[in-house]
Amino acid sequence: MFFEQLTETRRQGVTAVETTADRTIYYFHDGDGFRTEEEPFKPFILLSSPEQLSQFEGAFSPTPLAGDMTFKLMASFPDVKTYEAAQKYLKKTPNGPWTFFRDLSQQALLEGKSRLFSGMEFSELRRLSFDLETLTTPGYDFPNSDREGDEIVIISMRDSTGFELVLSQEDMSEKELIQAFVKTLAERDPDVIEGHNLCRFDLPYLEARARRHKVKLALGRDGSTFSKRSSRFNIADRIINYSRYDVWGRHVVDTLHLAMLYDGANRNLESYNLKYLAKHFRIASDERTYVDGSKITELWNSDHATLLAYALDDVRETEALSAVLSPSYFYQTQLLPLKYQNVIIRGNGTSLDALLTCEYLRKRHSLPLPEAPRRFSGALTRADATGIFRNVWHCDVRSLYPSIILAEKWVPSRDELGEFPRLLGALRTFRLAAKDAARTAEDPAKKKYFQALQSTFKITINSFYGYLGFSQGTFNDFDMAERVTARGREILTMMLDFLTGAGAKVLEMDTDGIYFQPPAGVGKPAEFGRKIQEILPAGIEVELDSVYDAMFSYKSKNYALLSPDGVVSITGAALKSRGLEPFQRRFMAEMIDALLRDDRAAIPRAYDRIRRSIESRKIPLADLAKTETLNDSPETYKRKLAAGTGRRAAAFELAIRSERDYQSGDQVTYYITGEKKKVSAVDNAKLLADAPEGERDENTAYYLNKLDELYRNFESFILPQK
């Protein structure tokens, strides 16, 4: 296996690791069940001086670390109780810097020289997805686990072997339903428990209803329940708050989080709704049963068969969505000294830091303090032209920043062992090997494996440059980060000068690639690509990887491309912002498509069609509704308003007025009422779920004005170009 060549890995097939007061327990596959291995667990703290614990009365074993960096002593303790006492002592008796790894499983993996899933393929991981269907008491819009009548009536289950089961109250009580679920989960013995919105709805709801019936939710492999705490993770500039569940011997994965993380990198999802995601990733069955969420109680009382089919389709799509979005995290877990669910929610900087510090401690070498953060110049990005262009080529520097680091043989200033370039170089070599293996593999399963593996390597490789500017990175180096971006700008400028000198028209430059129209009479793209390669320094590889029939350049980092097979791809928030209402996004997509295909006459027709549908109130109300994510809890929003540090916002005001238990990270969908085209959204917003039946009350003047403004933004491109 690739990863075993990077780190010293002792055990194969470990599916989970847990720590007790003084033991580390490893779980392995064993036929239809599991087996365990144990070893002593000795948690540790890193010290800058042996005097820091000179007066500590508890037992510990000091291990000097090589080198003379800040943390040059490892103090190991016989058990967790003594370890925690030492922390309290150090906090009360400050005598120089000290640090520790809060996650005890990370400490166990660091010291035990093991990695989860080593020697395994993703298909071997036992994953079980489940989904709840619940009743809602008449008069309310959303189920509440605290209301007696809002019972769980269906629990659907599916695992990665194809096993499926739908439990329902057709033939048992709610208490018996929950008991049957717990029993089935124990029998199926999954490594991973999955669900969509699992941590915000299904697990909290199941927990509350089990408590009502005094049913023990024994989800752990040792028969234990679970631990729960409030947690958060970052996606770009957003903070996602959620309830974290830890289940003994298993991992908990929320496919909603996977979708959010995917969208943070790709920015192409319009919704995180399971049904939308299934269609987006092409995993929805043509025979899929769809049910309006507001009709679940009604269907339970009138049409069990349809609701049961719907519940099974929900869990099928959840398991399939996980199979699409999980593999890269699975393979990263083989490399990192972290639990699977921690690999998913921790950022790339934190994960890479865990890998680097692990290698230092494995070699018993001292560690430095991170550098203080500072600003530095970034990548070269610009749009040299706007408009519609035909026959557009794209040349891309393969992994520009990692390639610069390796070509220049640059090492972070405090990386005395050279682990940073060693790991980066090995990962790049392994990625190329995995790409070659994926290209030549005849077995579809092997091809899929190597494709997932090379994608994982790519994600990890690209995180190395970002780590240099990571404020919490043990080996961060802001001077080196600045040198890397400066060299990147030089290389792109070399390419720019060559292209313009050859007669090409450069359209867009972004970080590591250039879109351009080739000069007249140029040969094949591959031949031209070789000419570009000749002017670049050793170690920097360029690839003229794509040719497009047309490009619409709106502004820097916002453009659309038409491929030879007729597929349109759109890049940039200005062209596909989720902050727009669906009818605006749809109209914009139609305009862009028409511009790329040189069919400008289609744009006025689309404009007139949408305008008439708004005026006549025949447009679906959902097409006018805006969806916003609550980046704070409603309580935090109210506190900020009271303190004068916040501004009123329609989504929060609606969430507060509703009876729903909205939390940070939830989405609120609303439309605007009134009669004038200029109205306050805060004072005229209404939840889409509260729209009156049989009549329409949307503000047509408001939405017609939005349509007109959007048209005017593109008018200069719509008119025939001279």
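Residues numbered from 1 in each chain as written. Predicted model: local features only at pLDDT ≥ 70, side-chain atom pairs only at ≥ 80, totals over all residues. Heavy atoms only, no water.

- In the annotation of an unreviewed UniProt entry, the entry for the protein chain reads DNA-directed DNA polymerase, and the organism field reads Victivallis vadensis.
- According to UniProt, the comment filed for the protein chain under the heading Catalytic activity (unreviewed entry) is "DNA(n) + a 2'-deoxyribonucleoside 5'-triphosphate = DNA(n+1) + diphosphate".
- You can read under Sequence similarities (unreviewed entry) in the UniProt record for the protein chain the words "Belongs to the DNA polymerase type-B family." (UniProt positions renumbered as here; feature names shortened; annotations may be inferred.)

## Notes on the domain arrangement of the protein chain
Many structure descriptions define interface size as the accessible area lost when the parts assemble.
Phase 1 of the analysis: Structurally, the protein chain comprises domain 1 (122–334), domain 2 (376–411 + 477–573) and domain 3 (582–718).
Phase 2 of the analysis: Computed from C-alpha coordinates alone, the two centres of domain 1 and domain 3 are separated by 30 Å.
Phase 3 of the analysis: Each partner contributes to the interface: domain 1 provides ten residues, whereas domain 3 provides eleven residues.
Phase 4 of the analysis: Buried area between domain 1 and domain 3, both sides added, is near 950 Å², and the carbon and sulfur share of it is 34%.
Phase 5 of the analysis: Across the domain 1-domain 3 interface, the total number found is zero salt bridges.
Phase 6 of the analysis: Viewed at the interface, domain 3 and domain 1 are joined by zero residue pairs in polar contact (both at pLDDT 80 or more).
Phase 7 of the analysis: Here the residues of the side of domain 1 that touches domain 3 are counted per class, giving five nonpolar, one polar and four charged. (Domains from an automatic or database assignment. Contact = heavy atoms within 4.5 Å. Buried area = accessible area lost by both parts, 1.4 Å probe. Salt bridge = Lys/Arg side-chain N within 4 Å of Asp/Glu carboxyl O. Polar contact = N/O pair within 3.5 Å; in protein donor to acceptor, adjacent residues only side chain to side chain. Nonpolar A, V, L, I, M, F, W, Y, C, P; charged D, E, K, R; others polar.)

## Concerning the pattern of salt bridges
Phase 1 of the analysis: Throughout the structure, instances matching the rule amount to 53 salt bridges.
Phase 2 of the analysis: Residue Arg11 pairs with Glu39 through a salt bridge whose shortest N-O separation is 2.7 Å. Taken together, the residues Arg11 in the segment before β1 (14–19) and Glu39 in strand β3 (residues 33–40) connect sequence positions 28 residues apart. Just as Arg11 is buried, Glu39 falls in that class too.
Phase 3 of the analysis: For Lys686, the salt bridge identified is with Asp697, shortest N-O distance 2.6 Å. Within this pair, whereas Lys686 is found in strand β24 (residues 685–687), its partner Asp697 is found in the loop between β24 and α24 (700–718), the two being separated by eleven residues in sequence. (Helix = DSSP H or I, 4+ residues; strand = E, 2+ residues; numbered from the N terminus. Buried < 20%, exposed > 50% of the residue type's maximum accessible area, 1.4 Å probe, protein only.)

## Overview of the nonpolar core
Phase 1 of the analysis: Among the nonpolar cores identified, the biggest contains 147 residues, and Phe130, Phe181, Tyr340, Met495 and Phe516 are the most heavily contacted of them.
Phase 2 of the analysis: Broken down by element, this core gets its largest block of residues, ten residues, from helix α14 (residues 444–468).
Phase 3 of the analysis: Each of domain 1 (122–334) and domain 2 (376–411 + 477–573) gives at least three residues to this core.
Phase 4 of the analysis: Contacts of Met495, omitting those with residues within four sequence positions, involve Cys395, Val397, Ile514, Ile532, Ile535, Leu536 and Val542.
Phase 5 of the analysis: Core analysis: the next-biggest nonpolar cluster, separate from the first, contains 48 residues, Ala625, Phe652, Tyr703 and Tyr711 among them. (Core = buried A, V, L, I, M, F, W, Y, C linked by side-chain atoms within 4.5 Å.)

## Points about the sheet that holds strand β11 (residues 192–195)
Phase 1 of the analysis: Read from one edge to the other, the open sheet built from five strands follows the order β10-β9-β8-β11-β14, with strand pairing classed as mixed. The sheet terminates laterally at β10 (164–168) and β14 (251–254), the two strands that pair on one side only. Strand-to-strand twist across the sheet, computed as the mean angle between neighbouring axes with direction ignored, equals 20°.
Phase 2 of the analysis: Bridging between strand β9 (residues 152–159) and β10 involves five bridges; their strand directions are antiparallel. Looking at β10, one finds that Ile155 is bridged to Leu167. (Pairing = 2+ DSSP bridges. Axes fitted to C-alpha atoms, helices over the stretch in contact; angles between N-to-C directions.)

## A few points about the packing of aromatic side chains
Phase 1 of the analysis: Summed over the entire model, instances satisfying the criterion amount to 42 aromatic pairs.
Phase 2 of the analysis: Summarising the aromatic geometry, the rings of Phe60 and Phe77 are spaced 6.0 Å apart at their centres and angled 45° between planes, so their arrangement reads as tilted. Placement of the pair is Phe60 in the loop between β4 (44–47) and β5 (61–64) and Phe77 in the loop between β6 (73–76) and α1 (80–92), with a sequence separation of 17 residues.
Phase 3 of the analysis: Taking the relative accessible area as the measure of exposure, Phe77 reaches 1% and is therefore buried.
Phase 4 of the analysis: Aromatic ring contacts, followed pair by pair, group Phe56, Phe60, Phe77, Tyr83, Tyr89, Trp98 and Phe100 into a single cluster.
Phase 5 of the analysis: The ring of Trp410 is capped by Arg483, whose NZ or CZ atom sits 5.1 Å from the centre of that ring. (Phe/Tyr/Trp six-rings, centres within 6.5 Å; stacked < 30°, edge-to-face > 60°. Lys NZ or Arg CZ within 6 Å of the ring centre and 35° of its normal.)

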